[in-house]
Amino acid sequence: MSHTPINWCSTDVALLDMDGVLLDLAFDDHFWRHALPDRYARVHGLDETTTRARFADWYAQHHGTIQWYDLHFWSRQVGFDVPHLKIHERHHIQVLPGTVRFLQHLKQHRCKRILLTNCHPTAMRLKLAVTGIGRHLDQIVSAFHLDDIKESPSFWPKLEAHLKYPPDRTVLIEDSAANLDAAAEAGFAHLLHMSRPNSKKAAQPHPDYRSEPSLTALLDEARQSPHNGTGCECTAPTPTAPPH
Ligand SMILES: [Mg+2]
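Rules and cut-offs
Throughout this document, residue positions are counted from 1 along each chain, in the order its sequence is written. Residue-level local features of this predicted model are given only where pLDDT is at least 70; pairs of side-chain atoms are given and counted only at 80 or more, and the full residue set underlies all totals for whole chains, interfaces and linings. Neither water nor hydrogens contribute to the side-chain values; these are computed over all heavy atoms in the structure. Coordinating donors are taken to be N, O and S atoms lying within 2.8 Å of the metal, or within 3.2 Å when the metal is Na, K or Ca; because water is excluded from the atom set, some sites may appear incomplete. Helix and strand assignments come from DSSP, with helices taken as H or I runs of at least 4 residues and strands as E runs of at least 2, each series counted from the N terminus. Residue exposure (1.4 Å probe, protein chains only): buried if accessible area is under 20% of the type maximum, exposed if over 50%, otherwise partly exposed. Each domain span listed reflects an automatic or database assignment of domains. Contact between two residues is taken to exist if any of their heavy atoms lie within 4.5 Å; hydrogens are not considered. Buried area is a sum: the accessible area each of two parts loses on coming together, probed at 1.4 Å, counted once for each and added. Definition used for salt bridges: Asp or Glu carboxyl oxygen within 4 Å of a side-chain nitrogen of Lys or Arg. At least two DSSP bridges between two strands are needed for those strands to be called paired. Here an angle of 0 to 180 degrees is reported between the N-to-C directions of two axes, which are lines fitted to C-alpha atoms, with helices fitted over the stretch in contact. Under the pairing criterion, centres of Phe, Tyr and Trp rings, with the six-membered ring standing for Trp, must be within 6.5 Å; the plane angle then separates stacked pairs below 30 degrees from edge-to-face pairs above 60, leaving the rest tilted. In this scheme, the term charge over a ring applies when either NZ of a lysine or CZ of an arginine sits within 6 Å of the ring centre and within 35 degrees of the ring normal. By convention a nonpolar core is built from buried Ala, Val, Leu, Ile, Met, Phe, Trp, Tyr and Cys residues, the set being connected through side-chain atoms within 4.5 Å.

Enquirer: Break down the coordination of the magnesium ion for me, citing the residues and quoting the values.
Expert: Asp 17 (OD), Asp 19 (O) and Asp 175 (OD) make up the full set of protein donors to the magnesium ion, lying at 2.0 to 2.2 Å. Mapped onto the sequence, the donors of the magnesium ion take the spacing D-x1-D-x155-D. With Asp 17 in the loop between β1 (13–16) and α1 (26–44) and Asp 175 in the loop between β4 (170–174) and α9 (177–185), this residue pair connects regions lying 158 residues apart in the sequence. By relative accessible area, which is 6% here, Asp 17 ends up buried.

Structure below.
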């Protein structure tokens, strides 16, 4: 697996994960580990030990499936409106350091910025509304649009058929090793791992991938690319307006 710097001048497309790459995974960790179990315990009159054990079982059972990301599935599971609870907790949603500056830099160098997320469309719309990062993106793809998830090797041929990106000029930036493994298995060459998806936790570099703690580190590299100060020679089309 390559650990060499990305040549940003020959990168036409950046596929960017949302939670843990652009946005702080601290929100998701807080929601799924605390906010949702705590509300479940209150609604059903359960003690903490019983609640924690039940959620541990559910998470073990559904991790790595599309249900894991499906808020409507979780609403049925817990017996109340999970999207409504997400709205209640939205003040915890934050961008990670360097996100906007990195996206602006990609735009300056005509690199198409595509959000590629397993996040359920309902939660994705909430996060985009709270953070405003949608205006810094050229295209948005939810795994739910392809009825598959990034952990599955079958996802990547579907994505390539959908987006028709140039594989040799496309970079994928992810915090999930499982997603990177599936993309690598599908033949994806340019992979970057973000090692500090949750700003409240220490970085955990991945040994098999080029691994950086933040987009700020990548931005420093992009600014030092050969095109810096001489005008970028990238051949990508001018980015289109973000979808609505
Ligand atoms: Mg992620």
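Enquirer: With reference to specific residues and values, describe the domain arrangement of the chain.
Expert: Partitioning the chain into structural domains gives domain 1 (8–24 + 95–223) and domain 2 (26–91). One C-alpha centre belongs to domain 1, the other to domain 2, and the line joining them spans 25 Å. Contacts between the two partners involve 17 residues from domain 1 and, on the opposite side, 16 residues from domain 2. Overall, the association of domain 1 and domain 2 removes approximately 1,400 Å² of surface from exposure, summing both partners, and the carbon and sulfur fraction of that is 64%. Considering only the side of domain 1, the residues that lose the most area to domain 2 are His 120, Leu 126 and Ile 149, jointly responsible for 32% of the buried surface there. The interface formed by domain 1 and domain 2 contains 2 salt bridges. A salt bridge links Lys 201 to Asp 29; the nearest nitrogen and oxygen atoms lie 3.6 Å apart.

Enquirer: Can you lay out the sheet that holds strand β2 (residues 112–117) for me, pointing to particular residues and giving the numbers?
Expert: An order of β3-β2-β1-β4-β5-β6 is seen for the 6 strands of this open sheet, with the pairing classed as parallel. Pairing within the sheet leaves two strands with one partner each, and these edge strands are β3 (139–142) and β6 (210–212). Along the sheet, successive strands turn relative to each other by an average axial angle of 25°, direction set aside. The sheet contact formed by β1 and β4 spans 4 bridges and is parallel. Pairing of Leu 16 across the sheet is with Ile 173, part of β4. Helix α10 (residues 215–223) contacts β4, β5 (191–194) and β6 of the sheet and is inclined by roughly 115° relative to β6.

Enquirer: Give a description of the packing of aromatic side chains that names residues and reports values.
Expert: Enumeration according to the criterion identifies 17 aromatic pairs in this entry. Ring geometry for Tyr 40 versus Phe 55: centroids 5.3 Å apart, planes at 80°, classification edge-to-face. Placement of Tyr 40 in helix α1 and of Phe 55 in helix α2 (residues 48–62) is noted, with a sequence separation of 15 residues between them. The two residues Tyr 40 and Phe 55 agree in class, both being buried. Arranged with centres 5.1 Å apart and planes meeting at 80°, the rings of Phe 73 and Trp 74 form a pair that is edge-to-face. Trp 74 sits in the buried class, given a relative accessible area of 0%. Following the ring pairs from residue to residue traces out a cluster consisting of Phe 27, Phe 31, Trp 32, Tyr 40, Phe 55, Trp 58, Tyr 59, Trp 68, Phe 73 and Trp 74. Taking NZ or CZ as reference, Lys 86 lies 4.7 Å from the ring centre of Phe 31, over its face.

Enquirer: Just give me the short version of the nonpolar core, but keep the residues and values in it.
Expert: Among soluble globular proteins, nonpolar side chains are generally buried collectively. Core analysis: the largest hydrophobic core is formed by 46 residues, its most contacted members being Trp 8, Leu 22, Leu 36, Phe 102 and Ile 173. Looking at this core, the element that brings in the most residues is α1, giving 6 residues. Both of domain 1 (8–24 + 95–223) and domain 2 (26–91) provide at least three residues apiece to this core. In this structure, Val 13, Tyr 69, Leu 159 and Ala 182 belong to the second largest nonpolar core, which totals 21 residues.

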